[in-house]
Amino acid sequence: MSAFLSHACLHRLCAISLCLVGIALCVPAFSQTRNQPQSAPAADAHFNVAQTQSHAPALTLASASDLERQTIQSLLQSDRWVKRAVAAVRLERFTCPQSADDLIKLLADPSPFVRAFAIRALAIRKIPQAPNWLLNEEDPAVIRAALRNGFTIDSARIVRGVQALLRMDDLRDKLIGVEIAAASSIPALVEPATQTARTIILRMDRMQAGAFSPRLCQLTGAPDPRKPYEWENWILKIGRRFKLHSGPLNDLADRLPLDDSIAALSSEDFASLETYMQELGQSPLDLAICIDTTASMSDVLSAAQAGMDDLMLFARNSAADARLGVVAYRDRRDKYETLVFDLTDDLERARTQLWSLDADGGGDTPESVYKGLHHALASLSWREDSRKVLILIGDAPPHVGEGELCVDLARRAHALLKLTTHCIAAEGKPVKFFDEIAEVGHGRVVNLKDESDLVAQIVGLSLGDRFDTQFREFFQMYLQLCR
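Everything numeric in this text was worked out from a predicted model, so none of it was measured. (Residues numbered from 1 in each chain as written. Predicted model: local features only at pLDDT ≥ 70, side-chain atom pairs only at ≥ 80, totals over all residues. Heavy atoms only, no water.)

End to end, helix H14 (residues 267-280) covers 20 Å across 14 residues, agreeing with the expected 20 Å (1.5 Å per residue, within 8%). Those residues of H14 lying buried are Ser 267, Phe 270, Ala 271, Leu 273, Glu 274, Tyr 276, Met 277 and Leu 280. (Helix = DSSP H or I, 4+ residues; strand = E, 2+ residues; numbered from the N terminus. Expected span 1.5 Å × (residues − 1). Buried < 20%, exposed > 50% of the residue type's maximum accessible area, 1.4 Å probe, protein only.)

Okay, the environment of Pro 430 next. Along the chain, Pro 430 turns up in the loop between strand E5 (419-425) and helix H20 (434-440). Exposure remark for Pro 430: the relative accessible area of 65% places this residue in the exposed category. Sequence separation between Pro 430 and Pro 397 is 33 residues; the distance between their C-alpha atoms is 9.6 Å.

What follows covers the pattern of salt bridges. In total, this model carries 23 salt bridges according to the counting rule given. Linking Asp 321 and Arg 383 is a salt bridge whose minimum nitrogen-to-oxygen distance equals 2.8 Å. In this pair, Asp 321 sits in the loop between helix H16 (308-318) and strand E2 (322-329) while Arg 383 sits in the loop between helix H18 (369-378) and strand E4 (387-394), placing the two residues 62 residues apart along the sequence. By relative accessible area, which is 31% here, Asp 321 ends up partly exposed. Close ionic contact of Asp 468 with Arg 472 constitutes a salt bridge, the shortest N to O distance being 3.0 Å. With Asp 468 and Arg 472 both in helix H22 (residues 468-482) and four residues apart, this pair spans about one turn of that helix. A residue is classified by how much of its surface remains accessible, and Asp 468, at 15% relative accessible area, is buried. Look at Arg 472 and you get partly exposed, because its relative accessible area is 23%. (Salt bridge = Lys/Arg side-chain N within 4 Å of Asp/Glu carboxyl O.)

The tally for this structure, following the rule as stated, stands at 14 aromatic pairs. Seen in terms of ring centroids, Phe 113 and Tyr 478 are 5.7 Å apart; in terms of plane orientation they differ by 85°. Their pairing is edge-to-face. Pair noted here: Phe 113 is in helix H6 (residues 112-125) and Tyr 478 is in helix H22, with a separation of 365 residues, a long-range link. On the accessibility criterion, Tyr 478 (0% relative accessible area) is buried. Ring centres 5.9 Å apart and planes at 45° place the aromatic pair Phe 314 and Phe 474 in the tilted group. (Phe/Tyr/Trp six-rings, centres within 6.5 Å; stacked < 30°, edge-to-face > 60°.)

Here we take up the pairing of E4. In terms of burial, E4 is largely enclosed, as seven of its eight residues are buried. As defined by bridge partners, strand E1 (residues 285-292) adjoins E4 across seven bridges and the pair is classed as parallel. Across the sheet, the residue bridging to Leu 287 is Val 389, located in E4. Here E4 pairs with E5 via seven bridges, running parallel. Bridge assignment links Ile 391 to a residue of E5, and that residue is His 422. Handedness of the crossover joining E4 and E5 through helix H19 (residues 403-417) is recorded here as right-handed. (Pairing = 2+ DSSP bridges. Right-handed = clockwise from strand over helix to strand, strands pointing away.)

For the pair helix H9 (residues 171-184) and helix H10 (residues 187-203), interaxial distance at closest approach is 9 Å and the crossing angle is 145°. Considering how the two elements wind past one another, H9 and H10 form a crossing that is left-handed. Each of Leu 171, Lys 174, Leu 175, Val 178, Ala 181 and Ser 184 in H9 lies in contact with H10, whose residues at this interface are Leu 189, Ala 193, Thr 196, Ala 197, Ile 200 and Arg 203. Residues that form the contact of H9 with H10 fall into these classes: eight nonpolar, two polar and two charged. (Axes fitted to C-alpha atoms, helices over the stretch in contact; angles between N-to-C directions. Left-handed = near helix turned anticlockwise from the far one by under 90°. Contact = heavy atoms within 4.5 Å. Nonpolar A, V, L, I, M, F, W, Y, C, P; charged D, E, K, R; others polar.)

So, about the packing of H16 against helix H21 (residues 454-464). Put simply, H16 and H21 touch, their axes get as near as 11 Å, and they point 20° apart. When the interaxial angle is binned, H16 and H21 end up roughly parallel. Where H16 crosses over H21, the handedness of that crossing is right-handed. Every residue of H21 that contacts H16 at Leu 311, Phe 314, Ala 315 and Ser 318 is listed here: Val 455, Ile 458, Val 459 and Leu 463. Per-class residue counts for the contact of H16 with H21 are seven nonpolar, one polar and no charged. (Parallel < 35°, antiparallel > 145°, perpendicular 65-115°, else oblique.)

A few words on the nonpolar core. Ranked by internal contacts, the top residues of the largest apolar core, which has 128 residues, are Trp 81, Phe 117, Ile 393, Phe 471 and Phe 474. For this core, the element with the most residues is H6, which contributes nine residues. Ignoring anything within four residues of it in the chain, the contact list for Phe 471 reads Leu 273, Tyr 276, Met 277, Leu 280, Phe 314, Val 459, Gly 460, Leu 463 and Gly 464. Grouped together as the second largest cluster of nonpolar side chains are 28 residues, Tyr 329, Leu 343, Leu 392 and Ala 438 included. (Core = buried A, V, L, I, M, F, W, Y, C linked by side-chain atoms within 4.5 Å.)

On the surface, Glu 404, Asp 435, Glu 436 and Glu 439 cluster together to form a negatively charged patch. Mapped onto the secondary structure, Glu 439 falls in helix H20. The class of Glu 439 is exposed, set by a relative accessible area of 62%. (Patch = residues over 30% accessible without salt bridge, like charges linked within 9 Å, V, L, I, M, F, W, Y side chains within 5 Å. Areas by Shrake-Rupley, 256 points an atom, 1.4 Å probe, with all protein chains shown as cover. Lys, Arg positive; Asp, Glu negative; His and termini not counted. Charge placed at Lys NZ, Arg CZ, Asp CG, Glu CD.)

With that out of the way, let us pick up helix H4 (residues 81-90). Quick reminder: α-helices carry 3.6 residues per turn. Residues three or four places apart thus point the same way. Among the ten residues in H4, ten count as buried, and that is most of the element. For H4, every residue scored as buried is listed here: Trp 81, Val 82, Lys 83, Arg 84, Ala 85, Val 86, Ala 87, Ala 88, Val 89 and Arg 90.

In structure tokens:
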């Protein structure tokens, strides 16, 4: 099986086995069928809405502007799950029965991602769960989102679904089974889920360790190891004190609907966001990452590798189509000075290329930033009609005498190719010449304080334009709900 299947494909492959389990037990299993629409749950048992949201401003769709209502309807009717999920976030701001009904209808959306966002919005709105809301839900990620947001699901069904997942051979299936078990707090599942988590940690390879680490850290409280041997050492060190945590939960007591930047936009800015997303969806995206791969960049490189699947899934659903290229650079005396992987829409190839990199070499402060930028601009097959974005990621400046050359490259690239160059300073502090490179490249500079935010920053820079805050926040929600 391809190492870089989309989420939809991965979950579809699991559906057959899990559905058979459900049929045999005469209860709904957590099958991972992604694309079958469900019957819309009835909208009973969720009022009085005004009483459940007494802390929020009294905003209703009836009193909203025509522009607001038209924008929400346009998003809800889109064929892209990202837009329908954005509508779910926007509907957090209202307090009326009509907006609640719109969210409840999204529980039957064909995309499990949208259903997960609807669950989150209903939880933030504090709308009491109706008994029939999740009766037909079979996607494990949506079940996990529901439990993590305070929804209740029949315990016997949870037990059967988790047991089926824990028996699967694929570590991805085992991991989501562990997450559901932890979120359910069912005593009978604690021991098998704990033992399965140990099994995952001891069996995962380098790619799996990178991809699973953020989720395993949420489950275990580990200090974010990224490599298999680091996880093995952590398991040996912690011994019998190993315990599972439930995972992220919305703080329903304190969370306000307008805390989310999409929900807080004015009607005019929200309409502008919808227009921008419409334009984005009609333009192909060429995204190149030019990254320092010397030893000091080990954690940042691991974060980029771990987020590849989610980054490309999100980009391909937001833009008309997306290609990714990578240029790795080190220093003049290292094993290589630059490695170039051309822009490609072959996701398996892109993933394999990125995971072929490791962080090594360096030693002195300056690195071959100029050579990396030169190859990114001259050696990649940029399309004429694409939205062209280059993101330079590093923690060290160019060699002496090459800083101004880097600035000139970024200036010419924007003038000749309409290519936007952004810079990410990996250690959370300014890197010499990065500000100038981004300025002439019509981009921005981010001082990255936490490498776990790297991929969200890339999403915001490459897709968000003036809505980069909204795109970053939305992508973080996606990771929490759907990864």
